[in-house]
Amino acid sequence: AQSVTQLDSQVPVFEEAPVELRCNYSSSVSVYLFWYVQYPNQGLQLLLKYLSGSTLVESINGFEAEFNKSQTSFHLRKPSVHISDTAEYFCAVSEMDTDKLIFGTGTRLQVFP
Amino acid sequence: EPEVTQTPSHQVTQMGQEVILRCVPISNHLYFYWYRQILGQKVEFLVSFYNNEISEKSEIFDDQFSVERPDGSNFTLKIRSTKLEDSAMYFCASSGSSGETQYFGPGTRLLVL
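Anyway, here's the lowdown on the structure attached to this text. (Residues numbered from 1 in each chain as written. Chains lettered and ligands numbered in written order. Predicted model: local features only at pLDDT ≥ 70, side-chain atom pairs only at ≥ 80, totals over all residues. Heavy atoms only, no water.)

## Structural notes on the nonpolar core
Turning to step 1, where the next piece is worked out: Core analysis: the largest hydrophobic core is formed by 29 residues, its most contacted members being A:L33, A:W35, A:L47, A:L48, A:F74, A:L76 and A:Y89.
Turning to step 2, where the next piece is worked out: Secondary-structure elements contributing two or more residues to this core are β2 (10-14), β3 (19-21), β5 (31-38), β6 (44-50), β8 (64-68), β9 (73-78), β10 (87-95) and β12 (107-112) of chain A.
Turning to step 3, where the next piece is worked out: Among residues more than four places away in sequence, those in contact with A:Y89 are A:Q6, A:L21, A:W35, A:Y36, A:V37, A:L47, A:F63, A:L76, A:G106, A:T107 and A:L109.
Turning to step 4, where the next piece is worked out: Core analysis: the second largest hydrophobic core is formed by 23 residues, B:V19, B:I26, B:F32 and B:I79 among them. (Core = buried A, V, L, I, M, F, W, Y, C linked by side-chain atoms within 4.5 Å. Buried < 20%, exposed > 50% of the residue type's maximum accessible area, 1.4 Å probe, protein only. Helix = DSSP H or I, 4+ residues; strand = E, 2+ residues; numbered from the N terminus. Contact = heavy atoms within 4.5 Å.)

## What about empty space enclosed by the protein?
Turning to step 1, where the next piece is worked out: Applying the stated criterion to the full structure yields 1 cavity of 30 Å³ or more.
Turning to step 2, where the next piece is worked out: Forming the walls of the largest cavity are A:Y32, A:F34, A:S94, A:T98, A:D99, A:L101, B:G99, B:E100 and B:Q102.
Turning to step 3, where the next piece is worked out: Grouping the constituent residues of the lining of the largest cavity by class yields 3 nonpolar, 4 polar and 2 charged. (1 Å grid on protein atoms, 1.4 Å probe; cavity = no way out; pocket = protein on both sides within 12 Å on 5 of 7 lines; lining within 4 Å. Points joined across faces, edges and corners; volume = space filled by probe spheres on them. Nonpolar A, V, L, I, M, F, W, Y, C, P; charged D, E, K, R; others polar.)

## A closer look at the state of the cysteines
Turning to step 1, where the next piece is worked out: Tallied over the entire structure, the rule returns 2 disulfides over all chains.
Turning to step 2, where the next piece is worked out: Here A:C23 pairs with A:C91 through a disulfide, and the sulfurs are 1.9 Å apart. Where A:C23 bonds to A:C91 through sulfur, the torsion about that S-S bond is close to -65°, and the disulfide is left-handed. On the criterion of sequence distance, the pair formed by A:C23 in the loop between β3 and β4 (24-26) and A:C91 in strand β10 is long-range, its members being 68 residues apart.
Turning to step 3, where the next piece is worked out: A residue is classified by how much of its surface remains accessible, and A:C23, at 0% relative accessible area, is buried.
Turning to step 4, where the next piece is worked out: Disulfide pairing places B:C23 opposite B:C92 at an S-S distance of 1.9 Å. Note on the B:C23 and B:C92 pair: the S-S dihedral is about -65°, so by sign convention the disulfide is left-handed. (Disulfide = S-S within 2.5 Å.)

Structure below.
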């Protein structure tokens, strides 16, 4: 069965510092991978996704994630965070024959000035 | 930019009562989903819906739950007889086709007393 593990429940970081939010998954078949972000009092917004092709995917606001099949990971990184990046980040996976998203428990990124 | 909307934002109900959570998906989308997040836990898939039929459901989605698309715009989740453990944030999502990005609404926070 699929599962997603986000080991870090909270990540505090100072503004302009780099950050990495970890995500590991388990699945016996090929998967699609997603990062969603939830700002306070808002819904889940897609940040980036890996479907196929290049293993490095980027978002418009400077985040990137790399699909590593051998390590079954899809870690999210940003070289320099802003206060506005403070939010909850969810990693999710779906198998290719289903639309069901399996989410991790989320990582709360707190950026301090 | 089109978005998924949900009403109400908050709902408080007594155990045993019926509740209907409403969602307006993005207008040209054909695939609809419900997820829930119990406080402090993962976002969990409940059900997917396409062409006026349930296409997939989780073990959580038992006989107490039902979904409906009563008209061309709304997508509803009904819980017939609420239990305390139904207290959660319920998210609606929609996508243009199978395998495409799911766009989430802001959620309805349901509290069962």
